[in-house]
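# Summary of structural features
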6 protein chains.
Amino acid sequence: MKKIVTLGEIMLRLAPLGYSRFTQADTFGATYGGGEANVAVSLANFGMDAAFVTKLPTNDIGQAAVNSLRKFGVDTRHIVRGGARVGIYFLEKGANQRPSKVVYDRAGSSISTAKPADFDWDHIFEGVDWFHFTGITPAISPDAAEVCLAALQAARAKGIATSCDLNYRKNLWSKAQAGETMAKLMPYVDLCIANEEDAADVFNIHAAETDVTAGELNLDGYVDVARQLKERFGFKYITITLRESFSASHNDWGGMLYDGTQAYFSKRYAIKNIVDRVGGGDSFGAGLIYGLLSDLGPQGALEFAAAASCLKHSVEGDFNMVSVAEVQALAGGDASGRVQR
Amino acid sequence: MKKIVTLGEIMLRLAPLGYSRFTQADTFGATYGGGEANVAVSLANFGMDAAFVTKLPTNDIGQAAVNSLRKFGVDTRHIVRGGARVGIYFLEKGANQRPSKVVYDRAGSSISTAKPADFDWDHIFEGVDWFHFTGITPAISPDAAEVCLAALQAARAKGIATSCDLNYRKNLWSKAQAGETMAKLMPYVDLCIANEEDAADVFNIHAAETDVTAGELNLDGYVDVARQLKERFGFKYITITLRESFSASHNDWGGMLYDGTQAYFSKRYAIKNIVDRVGGGDSFGAGLIYGLLSDLGPQGALEFAAAASCLKHSVEGDFNMVSVAEVQALAGGDASGRVQR
Amino acid sequence: MKKIVTLGEIMLRLAPLGYSRFTQADTFGATYGGGEANVAVSLANFGMDAAFVTKLPTNDIGQAAVNSLRKFGVDTRHIVRGGARVGIYFLEKGANQRPSKVVYDRAGSSISTAKPADFDWDHIFEGVDWFHFTGITPAISPDAAEVCLAALQAARAKGIATSCDLNYRKNLWSKAQAGETMAKLMPYVDLCIANEEDAADVFNIHAAETDVTAGELNLDGYVDVARQLKERFGFKYITITLRESFSASHNDWGGMLYDGTQAYFSKRYAIKNIVDRVGGGDSFGAGLIYGLLSDLGPQGALEFAAAASCLKHSVEGDFNMVSVAEVQALAGGDASGRVQR
Amino acid sequence: MKKIVTLGEIMLRLAPLGYSRFTQADTFGATYGGGEANVAVSLANFGMDAAFVTKLPTNDIGQAAVNSLRKFGVDTRHIVRGGARVGIYFLEKGANQRPSKVVYDRAGSSISTAKPADFDWDHIFEGVDWFHFTGITPAISPDAAEVCLAALQAARAKGIATSCDLNYRKNLWSKAQAGETMAKLMPYVDLCIANEEDAADVFNIHAAETDVTAGELNLDGYVDVARQLKERFGFKYITITLRESFSASHNDWGGMLYDGTQAYFSKRYAIKNIVDRVGGGDSFGAGLIYGLLSDLGPQGALEFAAAASCLKHSVEGDFNMVSVAEVQALAGGDASGRVQR
Amino acid sequence: MKKIVTLGEIMLRLAPLGYSRFTQADTFGATYGGGEANVAVSLANFGMDAAFVTKLPTNDIGQAAVNSLRKFGVDTRHIVRGGARVGIYFLEKGANQRPSKVVYDRAGSSISTAKPADFDWDHIFEGVDWFHFTGITPAISPDAAEVCLAALQAARAKGIATSCDLNYRKNLWSKAQAGETMAKLMPYVDLCIANEEDAADVFNIHAAETDVTAGELNLDGYVDVARQLKERFGFKYITITLRESFSASHNDWGGMLYDGTQAYFSKRYAIKNIVDRVGGGDSFGAGLIYGLLSDLGPQGALEFAAAASCLKHSVEGDFNMVSVAEVQALAGGDASGRVQR
Amino acid sequence: MKKIVTLGEIMLRLAPLGYSRFTQADTFGATYGGGEANVAVSLANFGMDAAFVTKLPTNDIGQAAVNSLRKFGVDTRHIVRGGARVGIYFLEKGANQRPSKVVYDRAGSSISTAKPADFDWDHIFEGVDWFHFTGITPAISPDAAEVCLAALQAARAKGIATSCDLNYRKNLWSKAQAGETMAKLMPYVDLCIANEEDAADVFNIHAAETDVTAGELNLDGYVDVARQLKERFGFKYITITLRESFSASHNDWGGMLYDGTQAYFSKRYAIKNIVDRVGGGDSFGAGLIYGLLSDLGPQGALEFAAAASCLKHSVEGDFNMVSVAEVQALAGGDASGRVQR
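Residues numbered from 1 in each chain as written. Chains lettered and ligands numbered in written order. Predicted model: local features only at pLDDT ≥ 70, side-chain atom pairs only at ≥ 80, totals over all residues. Heavy atoms only, no water.

## Here's the deal with the sheet that holds strand 2 (residues 11–16) of chain B
- With mixed pairing, eight strands are arranged side by side in an open sheet as 8(B)-7(B)-2(B)-3(B)-3(F)-2(F)-7(F)-8(F). In this open sheet, the two edge strands, each paired with only one partner strand, are strand 8 (101–105) of chain B together with strand 8 (101–105) of chain F. The mean angle between the axes of side-by-side strands here comes to 30°, regardless of whether they run parallel or antiparallel.
- Alignment of strand 2 of chain B against strand 3 (residues 27–33) of chain B, held across six bridges, turns out to be antiparallel. Looking across to strand 3 of chain B, one finds that Ala15(B) is bridged to Gly29(B). (Pairing = 2+ DSSP bridges. Helix = DSSP H or I, 4+ residues; strand = E, 2+ residues; numbered from the N terminus. Axes fitted to C-alpha atoms, helices over the stretch in contact; angles between N-to-C directions.)

This is the structure we're talking about:
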């Protein structure tokens, strides 16, 4: 069984039920999520041996975060316990023209105060095939960036494949800070994952003439972005998720994979009654890692990723609760949604 | 007032709330339903005198099933009490490309262990105008198939009109078994109800060149299927529901009625925000029975059935909670959904 | 800060959760709302100083209604306490072809038994810039109509701008009664707000060749209606909301503003996954009042009103829980619904 | 099977969930109940043929009230449909020193506007063994009092046993009005049911030296009250429920039955974690009617009534959801509450 | 109307529903509370003009906190907006031998980063009669302690009565720190409020021979503590709440008031089915402030405080949702919990 | 870290929310539990390495059962997947005199059709210190009894300590069957766990003069029972839980441990507001296993067991969600339930 390690922050997600706005809610759904945790759960749901590494406080909220991962079979033995608090994000679900809204409350979380010495990568990486993190982790704190670097170097030394989802978060750092720090980490990365805006935000690499808000896609532009990323950092693969937002309830979705030679495009999916789009990008990354580790080939891995993440938009919570068989059915062409008995 | 009897199984339906998946749920909505019970409730909601016949255990879950029917005015006096358990089905609601999913747990239910001697059809059929069952009932057990046959023969003897919804369930029996058993029952049936696939599954009767998954309808093909059914079993009416599944959230819906001479087609309805499509076929059957018993004529009865079952897709649960006036308003052309004050 | 007073009834709104029908519900969401209260809350959410005037009983249900307004900063000091009961409306949410349904239970409410002497308009109108009511208030009782007249006369005396949403309710009075009473009040009104049908229902003023049920809009016709209203009552502004109902889940929405000289049309919005359309018209009126009080000009005020009320369709409850910034973002062209972090 | 008819009002009961107060609630549990409806459901749960007679509006709320009775097998065929509204009562559950609180909103309900001609007692009373009503029904309106009188006279003519729970409600009428009206009805009553205060409130008959608030019971005094009632109205049986209120969570409970010769006292039950005490008196009355109709003898019937109503305090809602076997187990001495597997 | 200002922190309170433990919960009830906010709401519920002063972020969670206060009529105009976050506390409700559990997550809250210059006490204290804070506020940060001092000095200058609830929180500061800081503030305080342990924790003042865990009360000891406090700081009044904890579900409760001359003791209340004891002390303080401001005399004010806070144990949430009439009924002797109709 | 294996059935537990009865519920809380699974979760919560062995179907309900165990860190790698269904039990929570009620629906579950060859005990028992099962497992089917025997023999061969909770279930087998089968297994058992009735039900061993229903305990009698068990089967330890049931809400609870020489009695706990008593016995067994494996000595282990299981009565669900520290605090004498901050 393939073994994957992801590193990052898992937060308590507090979301008003249904379509209530924050100021209307007197109950919050309480789940847990975060980019790299989401990838770990996706891979565990695909039957892989996925471990998640982070730091969490010793209190009951920290334990509940651990339990949320164990429930789906994620290996949590390498989670360090200590520090002050679990980071929180508040999520209000949008609909139609009203966008979803996120209020972050993550400052001072245990992982943000973690030190490189907290993690013994030689031990963590025993028997591991793949290491994944996102641009959020180094953004949390300078120490967290050091942790990422240490992990990447250990992975390189052990011949472990690596991936990074650029995932720029403007609340955590400036574009300049992101660009500088990420540039130091990218040389150790094999697979670079980005959405339509990340390359521009982090590395000032632009796809000409694309206006994301207007929902138009410039496919050639994205290939050009991938080529520039390849040139600058020497990635083995660059993949870009391609979302067209018609409204908070209706997105079209797909992806592109560039292997340095050729650009592959997935089928595109129209998702008109979105259930929960948070974690869509993470589920795409997880699908691609699964596909590449399972030797599905570039087009096969990309289609798996696109179908997996299409399904995520119909699943509540950060975690993508879908099986390989369900992804394959959709990737194989059955999008009819007929009842499975 | 017209009096209808239906015979079959009523199950406890356990469904995660909202769009939660089974492995996410710690609460299940608990309602009751099943093909023939659904028809009985629909007809009771239309103001008819509908009775449901089955066997249910004497425990509180059996009583809750009885109560769920009484609540809507269904006559439950002929329900036999005994046996081991209420059958269960677990239902996970789909959305977009993610299909709804059913897990059956019905083996060993009280009705599956019922004996022909449990039911006194002469008594049950006093003053009755119509008898309805579906292909699920004879599939439950050989004894249940005998019960169906006894009921049909008693109905024939008393001049009671009869209907059967073919409703093939691959978990209960093979196509060969279904074909053999159903062929013995069909000669006693006046109205045959089927979906796009039933005739092929049960009787190996095919409409050429129709690919249901792809969502294309071959209207001529369905008329041909109806003609073949008529020829083989001599039904008075054959009706076929015509569903195009674009996604779990969006179906187009309508029906065809063939009276041996002429094929009638209903209006088609686009249902883009499906609330609950389980029981859609049952609500169509109930609508048609209502229409025929109320002398609405073939086109009128068919339009009533199509409108009633269109509305079912916007109602939670197995039961179709709509009134004759509501169905007539839609069949009459008002699909605008404007607030009724 | 601009100061607005609205006068009317606030009711307890009892709505089955989700898409349950009345006969399926064993829980009701309990919120409060009513045309003029909704306008007051909208304006308070826009940061204005809004007061709501009504009569409510001294019991805990009356207090809960007061609290529901205070929560959002509405000034409730002028609410008179006394009388027998809080009016109630039951709301069942529709979907697709199944319309939403309202059952009113408002007879005998405290405001319906209020007397003109209950309200000291000189005191209430101190420092006030705008007075708003709807056609529901005078329909509640002859005394309530007298209260409206007294308020309008006091407003005129103090140079306060006034608006009336015609809001014809057939359950409260006949078209003839409405026409007679409203005609006495209109001379004191500066801004007349109507939906596609109100002018015809109340004043027998028709836009030729428009069939609302069919969902077709006759834009020229509405300008003609506005001109007739202007001629008859001398309003400064007439605004008409323009809804096309394709289903209970999908409406198109926009508005027209006529200033006696020119007709302005807003952008139109397609709302395909309606969350709650009750209060849509009220949120439009509030948006327009905000726009006019904020000197956005006719087109600017109209676009603000249209965007605000478009957003209302994605908010649960009667009250429009949106900020000026959110309205401006949509009016400014971003309808993509992308997550706001 | 014994057949019982009860006459009265069934209301929509709206109760904040758990221990929320009215001004904290944004959801109400919605059930239905009322003194005589509660008796009918209790008796149906005991396996008797119970019918409930009232008037309810034709709207969906009226239908939901009908369904709430049908669900438990109560015969609703004699319910007249028409009038304006379903009466409502709001219920806030107390705990410890904080009392439960009821806000009535029942004015103008359909039953309050019913006329004697609405009910054909000859037809309703076919094959009936017992007729029951409470002092609430004649208090609703003078016409309702006439309806009671007509029912009682018809019952007397047919030799049907009758019972009345005095149930004085100070919000509906004064003690003087109650005394005058009830005195006209009592001569037709066989079994008079009262709580500790009713005889004093309605007929100015006092048990010396009992202070209910202080929670002390004067057993001799209650026998004296029963004797006075017997002397004045000639009842066959007088029964008095004996509640000691230590707090909203802890009551002691039992009853006394006087047959004109002898006074019987039931076991007393300490109920220290009350779930819902509304309907406690009704469940006592139903238990006594069951016991007398089942020939359990005075002591047996009284013990059945006391045990049944003791259990009611542990059941949510107005209706007493307990079986004969459950009541017998408790009356027989097993109050240990051990899990029944 | 008397006008009171309280100063402190209001937190988001996140509590699993019912008796779920933190690691079992996937939903949190979301309310708001904090010592001084609780006092303000209590006083507003008693009909007084209460204002709450704090600092809250400009995001939606901060707004929800403001709304939670406005809902009950608390004046929120002096709340400063800014800073990073709303403090949070997680609350798990205990039962029987299992204690309630609080996890604080309040570091970095907006009020903890407030500066003295944020508050203009001259303006805030216009027309004010009473100022209240607790020992939590100065514990939040040295700046917050400065804010308290400034407020106290301004109050003294204006002749405003002041009160402080010692409320020692070991998670916020050491006993030594508390003692030093609080000693600087106490000279400006008129009414000192404490529980059984505060005087020892903060000022090392001990009541001999009292073991709180064991649930035994040493009444003389508390009078001695009050005398020592009086001697050391010259308070006008010292009041001590007296709780005996038999289990998480059962406490006895009362209070003592010392006016420098005489010690008054309230009735004691046995609360055996505790609903929510958080905020019990705050509701006592609010009751006493009400009583003193309303000239009820020492015994009268103390009985009002004890009854008000007894009732709090039967109310969900931090806020004491009870009226003056309800408190007076209990203080007047009716603890029977009989239904109020 | 000590390693424990338990063997048995885990069922889906479906329970109406709050105190609703089965026929009132339209929602079921859905958790998972069963005697041996409960022990495994308890031990995992105490920080031990606990594995649970069973057979579960490959469907999503089986997966959800696995996840419910993984969530709390139980090792589920040895769970065999296959068979037809997850067993179900319906649980209605009692209160006061109304008992809790269980409806079993476990026939045909996967574990009931498991074969001895499904489990490789040599592999499962690698490094294991303790093996535990209950009398429910051999009662499920003759094959399951064979599985138990094989496990016990393998444990004996490896020197693994063993325990059995007699747990007689009359729905699964007769006393005679139980006695015969259990007698074959007992020789391999070191620790025998029983409640007040098990020894009599299974082995016809009686404690003279104890009437459980009446809630009186005959302590000497239990020692006598333990001695007889010791004599007959040679157990190392016999422990008996001692419950006095005053009502469904109020039990007293404790235990006795006999080591062949001496009888130890634990403290007794009065639990007056029971939250959930299902799994009380299992939590006692788990506590005792923990105590013995941790070398707490007979009295220490017994007190740990009694305190752990006392706390279970205040925790929702089958699983005992308490930590070693929480148990030690109670065993150490703090039953005051004061808020832990």
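Structure's up, so let's keep going.
## Thoughts on the interface of chain A and chain C
- Listed as interface residues are 30 residues of chain A and, on the opposing side, 27 residues of chain C.
- The junction of chain A with chain C conceals about 2400 Å² of combined surface from both sides, 47% of it contributed by carbon and sulfur atoms.
- Counting across the interface, chain A meets chain C through three salt bridges.
- Seen at the junction of chain A and chain C, the total is 16 residue pairs in polar contact (both at pLDDT 80 or more).
- Of all the secondary-structure elements, those providing two or more residues to the side of chain A that touches chain C are strand 8 (101–105) and strand 12 (237–245) of chain A. (Contact = heavy atoms within 4.5 Å. Buried area = accessible area lost by both parts, 1.4 Å probe. Salt bridge = Lys/Arg side-chain N within 4 Å of Asp/Glu carboxyl O. Polar contact = N/O pair within 3.5 Å; in protein donor to acceptor, adjacent residues only side chain to side chain.)

## Remarks on the packing of helix 10 (residues 297–312) of chain A against helix 11 (residues 324–331) of chain A
All names here are of chain A.
- As a packed pair, helix 10 and helix 11 sit with axes 8 Å apart at the nearest point and diverge in direction by 105°. Our classification of the angle between helix 10 and helix 11 gives roughly perpendicular. Seen from helix 10, the contacting residues are Glu303, Phe304, Ala307, Ala308, Cys310 and Leu311; seen from helix 11, they are Val324, Glu326, Val327, Gln328, Leu330 and Ala331.
- Taken together, the residues that form the contact of helix 10 with helix 11 break down as nine nonpolar, one polar and two charged. (Parallel < 35°, antiparallel > 145°, perpendicular 65-115°, else oblique. Nonpolar A, V, L, I, M, F, W, Y, C, P; charged D, E, K, R; others polar.)

## Points about the relation of the copies chain C and chain B
- When chain C is brought onto chain B, the operation consists of a screw motion whose angular component is 120° and whose axial shift is 0.0 Å, with 0.0 Å RMSD remaining. Look at the turn and shift together and you get a three-fold axis relating the two. Identified as the residue of chain C closest to the rotation axis by C-alpha distance is Asn273(C), at 4.2 Å.
- A low fraction, 7%, of the interface residues of chain C reappear at the interface in chain B, so the copies pair through non-equivalent surfaces. (Least-squares fit on C-alpha atoms with pLDDT ≥ 70 in both.)

## Remarks on unusual backbone geometry
- In the Ramachandran plot, Asn167(C) falls in the positive-phi region, its phi being about 45° despite a non-glycine side chain.
- Inspection of the secondary structure puts Asn167(C) in the loop between strand 10 (161–165) and helix 6 (175–185).
- Of note, the phi angle at Asp295(E) is positive, near 55°, even though the residue is not glycine.
- Here Asp295(E) shows up in the loop between helix 9 (280–293) and helix 10 (297–312).
- In this structure Asp295(E) comes out as exposed when scored by relative accessible area, which is 68%. (Buried < 20%, exposed > 50% of the residue type's maximum accessible area, 1.4 Å probe, protein only.)

## What to know about the confidence of the model for chain A
- Per-residue confidence for chain A gives a mean pLDDT of 96; residues scoring 70 or more make up 97%.
- With a pTM of 0.97, the predicted complex shows an ipTM of 0.95. (pLDDT = per-residue confidence, 0-100.)

## Here we look at the side chain of Thr239(C)
- Considering the arrangement of structural elements, one finds Thr239(C) in strand 12 (residues 237–245).
- Apart from residues no more than four positions distant in its own chain, Thr239(C) is found in contact with Leu191(C), Cys192(C), Ile193(C), Ala194(C), Met256(C), Leu257(C), Phe284(C), Leu288(C) and Leu302(C).

## Topic: the interface of chain C and chain B
- If you look at the interface, chain C gives 30 residues, while chain B gives 27 residues.
- Surface buried jointly by chain C and chain B totals about 2400 Å² across both partners, of which 47% is contributed by carbon and sulfur atoms.
- Our enumeration of links across chain C and chain B arrives at four salt bridges.
- As a salt-bridge pair, Glu326(B) and Arg21(C) come within 2.6 Å of each other at their nearest N and O atoms.
- Scanning the region where chain C abuts chain B turns up 16 residue pairs in polar contact (both at pLDDT 80 or more).
- Elements that contribute at least two residues to the side of chain C that touches chain B include exactly strand 8 (101–105) and strand 12 of chain C.
- Here the residues of the side of chain C that touches chain B sort into eight nonpolar, 12 polar and 10 charged.

## Let's talk about the pairing of strand 9 (residues 130–134) of chain A
All names here are of chain A.
- Most of strand 9 sits out of view: five of its five residues are buried.
- Taking every second residue as pointing to the same face, both faces of strand 9 are buried, with Trp130, His132 and Thr134 on one and Phe131 and Phe133 on the other.
- Bridging between strand 1 (residues 3–7) and strand 9 involves three bridges; their strand directions are parallel. If you follow valine 5 over to strand 9, its bridge partner there is phenylalanine 131.
- As judged from the five bridges shared by strand 9 and strand 10 (residues 161–165), these two strands associate in the parallel manner.

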